[in-house]
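# Observations on the three-dimensional arrangement
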Amino acid sequence: MKKIILILAVIILTGCTNVNNMSYDEIVNTIVSSKYEIYNENRSGYKYYTPSNISSSNTIDYNEILEDDTYRYYFYVDVISYYNRVIESYEVDNNAFYSKAINYQDKFGYIEINEVSNNKYLLEIMYNYAKIEVIVDKYDLSKAISNSLIILSSVKYNSEILETIVGENILTSKEIEFNIFETKKTESNFLEVEANNIYVEEENDPDLIN
């Protein structure tokens, strides 16, 4: 019974009509305070849940492309920061289209939205030691916020597995691809990892097609 109720809650939150009638603050607060614990994706050292309208199209280490019928969500799980329990504060940016620190119980992060071109917005959400970046039309921001936070808040880490993956020996030699605690404001972090052959944007990005 509990799982049925929780799944229904996720379905309601991902419904466009319901989400579009909520403020960004209401979407954030509703999702991060939800008690659901359901998972449909398993990775090395963690698992998470994706709404039914989103699927994984590419995974390289802890970088992943998630897609719905319109947009690509660039998803990164920072297992090293989780392993070390790194904590950094977020300063709200009053110049951003939307900026908010997220703190709920033992999880923290931020959401920041900035306009990158006419009616196109870069949404950056870091929460629970994971981050999603996506460029969307203004009209779809509420849906993108909901999708992203449902995924990020559902991430559950397996400390025993991570102990073997990112133990002391590996941590001394492995570099973090980028700092999830910093925002990029106008372009995705994933545009900067071309040298590592990870998620290079094409000139005609389908995300930017109406």
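Note that the coordinates shown come from a computational prediction; the quantities given were computed from them, not determined experimentally. (Residues numbered from 1 in each chain as written. Predicted model: local features only at pLDDT ≥ 70, side-chain atom pairs only at ≥ 80, totals over all residues. Heavy atoms only, no water.)

## Brief notes about the side chain of D68
Quick reminder of the rule: Note on conventions: DSSP H or I runs of at least 4 residues are helices, E runs of at least 2 residues are strands, and numbering of each starts at the N terminus. Only protein chains enter the area calculation, which uses a 1.4 Å probe; residues under 20% of their type maximum are buried, those over 50% are exposed, and those in between are partly exposed. For the charge count, each Lys or Arg is scored as positive and each Asp or Glu as negative, with His and the chain ends excluded. By definition, a salt bridge exists where a carboxyl oxygen of Asp or Glu is found within 4 Å of a side-chain nitrogen of Lys or Arg. Polar contact criterion, stated in full: a pair of N or O atoms within 3.5 Å, where within protein one must be able to donate a hydrogen and the other to accept it, and residues adjacent in sequence count only if both atoms are side-chain atoms. Note on contacts: a residue pair qualifies if any of its non-hydrogen atoms lie within 4.5 Å across the two residues.
Position of D68 relative to the elements: it lies in the loop between β4 (63–67) and β5 (72–77). For the buried D68, which has no salt bridge, the nearest side chain bearing the opposite charge is K143, at an N-O separation of 4.2 Å. Engagement of the side chain of D68 in a polar contact is seen with the backbone nitrogen of Y71, the distance being 2.6 Å. Of note is the side chain of D68, whose polar atom sits 3.2 Å from the side chain of Y73. Those residues within four positions of D68 in sequence are excluded, and the remaining contacts are N53, I54, Y73, K143 and N147.

## Here's the deal with the sheet that holds strand β10 (residues 156–157)
The condition that has to hold: A strand pair is defined by DSSP finding two or more bridges across the two strands.
Ordered in space as β1-β2-β10, the three strands form an open sheet in which the pairing is antiparallel. Two strands bound the open sheet, and with one partner strand each, they are β1 (41–43) and β10. In terms of strand pairing, strand β2 (residues 46–48) meets β10 through two bridges, oriented antiparallel. Of the residues in β10, the one forming a bridge with K47 is K156.

## Description of the pairing of β5
Along β5, six of the six residues are buried, which leaves the element largely enclosed by surrounding structure. Of the two faces of β5, the one holding R72, Y74 and Y76 and the one holding Y73, F75 and V77 are both buried throughout. Bridge analysis of β4 against β5 gives five bridges, and the strand direction is antiparallel. Bridge pairing links E64 to F75 in β5. As paired elements, β5 and strand β9 (residues 130–137) share four bridges and run antiparallel to each other. Bridge assignment links V77 to a residue of β9, and that residue is A130.

Everything listed is a geometric property; what it means functionally is a separate question.
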